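Each chain is listed here by its residues.
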Amino acid sequence: MEAMVQPRSPADVESGGGGAYRWAADGGRRAVGGGLRGRLDALRELIALSRTRLDGRTLEGAGRVLETADERYRLSGEHTVVAIAGATGSGKSSLFNALAGANRSQVGPRRPTTAEPVACVWPGSRPGADGLLHRLGVPTHRRHVPADGSSELRGLILIDLPDHDSSATEHRAQVDRMLELVDAVIWVVDPEKYADAVLHERYLRPLAGYAEVMFVVLNQVDRLPGDAADQVVDDLRRLLDEDGLALGEHGEPGAAVLALSAATGRGVGELREALGQFVAERGAADRRLAADVDAATERLRSVYVAQSRVGLTERSRAEFDDRLAEAVGAVATGRAAERDWLRYAERACGSPWSRMRMRMRMRMRGRRGSRGALGFGVGATDVGMTGAGLTGVGTAGAGTAGAGTTGVGASRGGRTGAGAADVGRTDVGWGGAARGRLIGRAGVGRSQDGRGAAGQARAGLSRTGWNGDGAEELTAGGRTGIQQGPVGRQSAAGHRRADGAAAAGPGDASVVDGRAAARPVVEHAVRTVAAEAAHGLPAPWAHAVRDAADRGAYGLPEALDKVAAEAEESLRGGPAVKPRWWTVAASLQGMLSVLQVVGVLWLLGAVTGVGEATAWISGLLPAVLGSVGGPALAWMCRVVARGPARRYGQDAERRLRSAAAACGRARVLEPVAAELLRYREVREQYAVASGV
């Protein structure tokens, strides 16, 4: 019937095994032991790291635990504060007097009898009880000493609390306040109210985590006949088990359940013995604070424990890099660089006659473009003119006759196209080496070999003129919209800058390049990587990760525009180092051209009679060799140039892709990674604080 808490061995008591604290050398103030000290330090660090991420109300409970612990450390470590709590008429004051050995607390039929807390202090070897009693708010005139002064309870401060079900509101509030400050509680129940819902639902069930510093005493068993006391104790154990309260049975830690009669003294000796062992361990305050930390960390669990594994995978990073590469048009840049390399090779390895024809065609188109620059309409202008950001339906055609077409119903010969423009199409119909630049795509559609699907963002075309090698620069520089770009608007009067001034004419160096990375693609990439990083995180930390990504995304399209512009500028002059075989091929072309000229002159001499009539046979061989060998050599050079040109384009694509990825990492991935690292830090601190 009387179930006692199992006493610990003297070795455990000597070694401090009963708690996480240890006694200081002077036997007074305690020093925090390794386990609980680490948990409290981790909780303190957890709060410091979380102040900018969580609101004050969420961290309020944990802060109170730290304040309570700090305050308890400053007071006597030799005393153990145990409160006696119970309902009206349960006999808690009678039990208090029985333990004190005298009538220290008033007992009577009037309810409620106990209006103020009453204390009985068993003096220890050192003073310090006054500080604890002042903290509890026990009036001086309510502080007593035991009648017998027995040494077995030395260091015990026993508090008789008001009734927890008192009709006076201030009594209940006083009970709730003191229950948060005492080291242990003796709950006194009687056979009539041991199953009271108020007791179980308001106190025992919420305080189930404090079982190690709790005694549950069934009083007034002298009123029960026969074996009824055993039946009531068994039913009380069942209710405590349903409340989640661990019971100290078979040597395991938990609440001690006893049956006694304060009126007759039956079982009071067993309770006194259990209290003596409990106080001698000097670990009640330790276990109470450990339970406080457990409760605080459990309340914080939802804001610190992730639902699944968190962090950015390599696949997510790679997809983010791919989207940024798509936004700056890395693939199109590589293909344009490959075509440039082939055209440079064709020009370098071609015959003198083909190079002459190329220069003549360039001059003719240059003069024709200068005369008709104002006739191309909205969208693209020819040599020296910049189409800065004209997109959507009604975008102009992109060139003169023979220069290729751009868009549906695009103009030829300077007429404005009536349909939607393609995205960054390269005008391969020009005799020279044309190169198209597509910076980014948005929405549906695709880019292939310089051509873009009709209706894409990047519809504005800009011809910046022919460079020294005969390569035309085509830049897709508009943003998504209907005749609206980042640099300026197009009105019926012509192409105008953002400030309303007329667009510059051919050769004006102040024309602003209208390239801009596809903003929808960039925004989608940022949203996707932020969602991946925030997946599974508790709500406050997921919000912090998304905020970090949004802050980093601000200005990212402009930074990518700059990266794309730098990449284009680096490719403007063609290959930095010309292959030696170009020189060899050019020399052979020169020799073949000489043979061709000599053979033709020889034939002319034979035909006109300057030489012998049979001399034409000798002139036929060099003429045929020069005429056939030159084109054959040019064809062979084109075949040989495909491999190096492909590698050159891949290298250009790789450089632009790497530059865009570095920009995205610095602005988005690194801030997101910093937030994830911060979460991992607080998660580690939470794990230490929760004792996991």
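A brief look at the structure comes next. Worth saying up front: this structure is predicted, and the values here are computed from it rather than measured.

Digging into the overall build of the protein chain
Of regular secondary structure, the protein chain possesses 19 helices and 16 strands. Buried residues in the protein chain amount to 51% of all 692 residues. In the structure as shown, the protein chain presents an accessible area of about 31,400 Å², 54% of it carried by carbon and sulfur atoms.

Section: the sheet that holds strand β9 (residues 256-259)
Ordered in space as β5-β4-β6-β3-β7-β8-β9, the seven strands form an open sheet in which the pairing is mixed. Unpaired on one side and paired on the other, β5 (143-144) and β9 mark the two borders of the sheet. Direction of pairing for strand β8 (residues 214-218) relative to β9: parallel, over a ladder of four bridges. The residue of β9 that forms the bridge with L218 is A259. Of the strands in this sheet, β7 (184-189), β8 and β9 are in contact with helix α8 (residues 228-242), which crosses β8 at around 145°. Lying on the sheet, helix α9 (residues 268-280) is in contact with β3 (80-86), β6 (156-160), β7, β8 and β9; it crosses β8 at an angle near 175°.

Regarding the packing of helix α4 (residues 92-100) against α9
Close contact between α4 and α9 brings their axes to 11 Å; oriented N to C, the two are set at 70°. In terms of axis orientation, α4 runs roughly perpendicular to α9. Residues L95, A98 and L99 of α4 touch α9, and the partners they reach there are V268, L271, R272 and L275.

Overview of the pairing of β6
Counting buried residues along β6, five of its five residues qualify, which places the element largely inside the surrounding structure. Burial along β6 is two-sided: L156, L158 and D160 and I157 and I159, pointing in opposite directions, are all buried. The pairing of β3 with β6 spans five bridges and is classified as parallel. If you follow V82 over to β6, its bridge partner there is L158. Judged from the four bridges that link them, strand β4 (residues 118-121) and β6 form a sheet pairing that is antiparallel. Its bridge partner lying in β6, V118 is registered against D160.

Here's the deal with the nonpolar core
By size, the foremost hydrophobic cluster in this structure holds 76 residues, and its most contacted members are L95, L158, I159, I186, W187, F215 and L271. Counting residues per element, this core draws most heavily on α8, at seven residues. Look past the residues within four positions of I159 in its chain and what remains in contact with it is V81, V82, A83, I84, F96, P117, V118, A119, L133, L136, V138 and M178.

Looking at a nonpolar patch on the surface
A contiguous nonpolar surface patch, about 640 Å² in accessible area, is contributed by W353, M356, M360, V597, V600, L601 and L604. Broken down by element, the residue count for the nonpolar patch peaks at four residues, all from helix α18 (residues 580-608). Among the secondary structure elements, M360 is positioned in helix α14 (residues 352-371). By relative accessible area, M360 is classed as partly exposed at 46%.

So, unusual backbone geometry
Trans peptide bonds make up the majority, and among non-glycine residues the majority have a negative phi. At Q220, a residue that is not glycine, the phi angle is positive and equals roughly 65°. Along the chain, Q220 turns up in the loop between β8 and α8. Exposure remark for Q220: the relative accessible area of 14% places this residue in the buried category.

Rules and cut-offs
- Residues numbered from 1 in each chain as written.
- Predicted model: local features only at pLDDT ≥ 70, side-chain atom pairs only at ≥ 80, totals over all residues.
- Heavy atoms only, no water.
- Helix = DSSP H or I, 4+ residues; strand = E, 2+ residues; numbered from the N terminus.
- Buried < 20%, exposed > 50% of the residue type's maximum accessible area, 1.4 Å probe, protein only.
- Areas by Shrake-Rupley, 256 points an atom, 1.4 Å probe, with all protein chains shown as cover.
- Pairing = 2+ DSSP bridges.
- Contact = heavy atoms within 4.5 Å.
- Axes fitted to C-alpha atoms, helices over the stretch in contact; angles between N-to-C directions.
- Parallel < 35°, antiparallel > 145°, perpendicular 65-115°, else oblique.
- Core = buried A, V, L, I, M, F, W, Y, C linked by side-chain atoms within 4.5 Å.
- Patch = residues over 30% accessible without salt bridge, like charges linked within 9 Å, V, L, I, M, F, W, Y side chains within 5 Å.
- Salt bridge = Lys/Arg side-chain N within 4 Å of Asp/Glu carboxyl O.

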